[in-house]
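# Summary of structural features
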Amino acid sequence: MQTWRRTFATSVARLNHNPPTSATRPTFLRCVQLLRESKHGERSQHEDKQIEVRGLIRSVRKQKKFAFAEISDGSSLEAVQAILKPEQAAELSTGAAVQLSGYWTPCPPGKSQTHELQTTGVSYVGAAEPETYPIQKKYHSPDFLRQIPHLRLRTQFNSLLSRFRSECIHQLGNVFRAHPDGVFTQVQPPLITSSDCEGAGETFTILPREAMESKEKPFFGAPKYLTVSSQLHLEAYAAELGNVWTLSPTFRAEKSDTPRHLSEFYMLEAEMNFMYSMDELTDSVEHILRDLTRRLYDSPVGQEVLSTENESSLAKRWDGLMNGPKWQRLTYTEAIQALQEAVKEHGASFEYPPVWEEGLQLEHEKYIVDVLSKGRPVFVTDYPKTVKPFYMLPSSPEASDPSAPGDTVACFDLLLPEVSEVAGGSLREHRLENLISSMRSSGLIRPRPSFPDGESPEASRKSAKQKEKEKEPLYPYLSPEEDLGQLQWYADLRRWGTAPHAGFGLGFDRFLGYLTGVSSVRDVVAFPRHFKRADC
């Protein structure tokens, strides 16, 4: 009681104190700086000193003698509580931008916070209409918040997601600098490309607005697209730099209206030169994700994520990534056989029957990771060649599954509980002849442009460039009727010095959703773009 009386008397005196002049301007601090230092049983270095906070009002309660406001500046999951005089809070409302100065003082015993701001000065920076402001201090469903992506960042959890993303990007640099296989160089591949890396045709074409209304030639001279993967360009970087990585936007025109898909998302991709085996590749990926998770666990924002409502389930997820035995490796053929046995012997039911030639469906992946791998991360390796892109190296005789009914390639998909596939990678075909043969089988080699001979009008219109092209020696392993088109530069990487190499891509947003417990990838990204929606 004596402590509270002293605190109350101090509060009254300080609330009547005049605002500081410019000569005695208080120290500006972020909310996180104040709250981290104000731990129970410890004296804050800012205690009883004049400070200033700036941010948005999360809530305000006005009483007869005092008013209480929660101020958030996005730096912490918690808000700073300020106590004000009624006249100071008269115009304040939820959502308003303010600048408050005062004394950082201990709270009475029993309060949720150890300290609060005894306000002496209020600067009302930006008003918010209290009747229409949509973010209030209550539960808002994800569906509601998706309608206002420009404002949902002002909620505690969405603000936390943005800070967690920032911490992940920061820690990725540390992970790749400390990798046991040597330092990785971060690179910046282009977003506008001349080819569809995956060969699925799910690309966005680049067109200037004027070109949509005219028949003029393409802006770049030939059709160009938003990248679906940086892999091909990363191989060019890795040929000289060794090990490289990038985190960049990726675009796919999939008409998939599901919580797992976005049309614009971020992909973490890495390429490693002089890599010879799948074991090397999967070990490297496992190391990167374990190390990243450990570093995030040791960060303040990582601990904030783990302190949210689903703390126990998140702690189990993180522990499964950081600790425990080596992640399981399972060949695709073994997986299909186990799925077929589950149907025949254990009564498992799937909408799509597991068939070796047709690849894995989401329901199959969930069964593999939840049942076959007992809820632990699992690499599924050596998929059929027919369901994978042209650039993958065939499985080596010693690594291939003898029970596979067809040819397989040295690749993997990494499956995690709840989200299923989160990463994929492969050894790359580094032999020119074999690469061209694979491109031919995938329909990526075009007919060579032909020009009639003689003095016909068509022949006379040949450009100098076309004539020179006809004089060029035939590209290795091509017939006179074949042309590599926009992928010749990729074949050149094999033609002029190459080494066995490998790489992978991680769905960065999907991985963040796994770590934070967010079930829809649309809620991990601030401004999601997906089939039929691209707001703001």
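Our subject is the structure that appears above.
Remember, predicted model here, so these are calculated numbers, not experimental data. (Residues numbered from 1 in each chain as written. Predicted model: local features only at pLDDT ≥ 70, side-chain atom pairs only at ≥ 80, totals over all residues. Heavy atoms only, no water.)

Bringing the packing of aromatic side chains into the picture now. The full count for this structure, using the stated rule, is 13 aromatic pairs. When the ring of Phe379 is compared with that of Phe412, the centres are 5.3 Å apart and the planes differ by 80°; the resulting orientation is edge-to-face. With Phe379 in strand S13 (residues 378-384) and Phe412 in strand S14 (residues 408-416), the pair connects residues that are 33 residues apart, well separated along the chain. Neither Phe379 nor Phe412 differs from the other in exposure class; each is buried. Connected via pairs of aromatic rings, a cluster forms that spans Phe390, Tyr391, Trp489 and Tyr490. The ring of Tyr383 is capped by Lys388, whose NZ or CZ atom sits 4.4 Å from the centre of that ring. (Phe/Tyr/Trp six-rings, centres within 6.5 Å; stacked < 30°, edge-to-face > 60°. Helix = DSSP H or I, 4+ residues; strand = E, 2+ residues; numbered from the N terminus. Buried < 20%, exposed > 50% of the residue type's maximum accessible area, 1.4 Å probe, protein only. Lys NZ or Arg CZ within 6 Å of the ring centre and 35° of its normal.)

Here the focus is a nonpolar patch on the surface. On the surface, Leu191, Ile192, Phe219 and Phe220 cluster together to form a nonpolar patch covering roughly 390 Å² of accessible area. Looking at where Leu191 falls in the secondary structure, it is placed in the loop between strand S7 (185-186) and strand S8 (192-193). Exposure remark for Leu191: the relative accessible area of 31% places this residue in the partly exposed category. (Patch = residues over 30% accessible without salt bridge, like charges linked within 9 Å, V, L, I, M, F, W, Y side chains within 5 Å. Areas by Shrake-Rupley, 256 points an atom, 1.4 Å probe, with all protein chains shown as cover. Salt bridge = Lys/Arg side-chain N within 4 Å of Asp/Glu carboxyl O.)

Attention now moves to the side chain of Ser93. Along the chain, the position of Ser93 falls in the loop between strand S4 (80-84) and strand S5 (97-106). At 3.0 Å, the side chain of Ser93 and the backbone oxygen of Ala128 are in polar contact. In this structure Ser93 touches Ile57, Val60, Tyr124, Ala128 and Pro130, once residues within four positions along its chain are discounted. (Polar contact = N/O pair within 3.5 Å; in protein donor to acceptor, adjacent residues only side chain to side chain. Contact = heavy atoms within 4.5 Å.)

Unlike most non-glycine residues, Tyr477 shows phi in positive territory, near 70°. Within the secondary structure, Tyr477 sits in the loop between helix H14 (464-471) and strand S17 (482-483). One non-glycine residue, Lys532, lies in the positive phi region at around 80°. Looking at where Lys532 falls in the secondary structure, it is placed in the segment after helix H16 (508-516).

Read these as layout, nothing more, since geometry by itself doesn't imply function.
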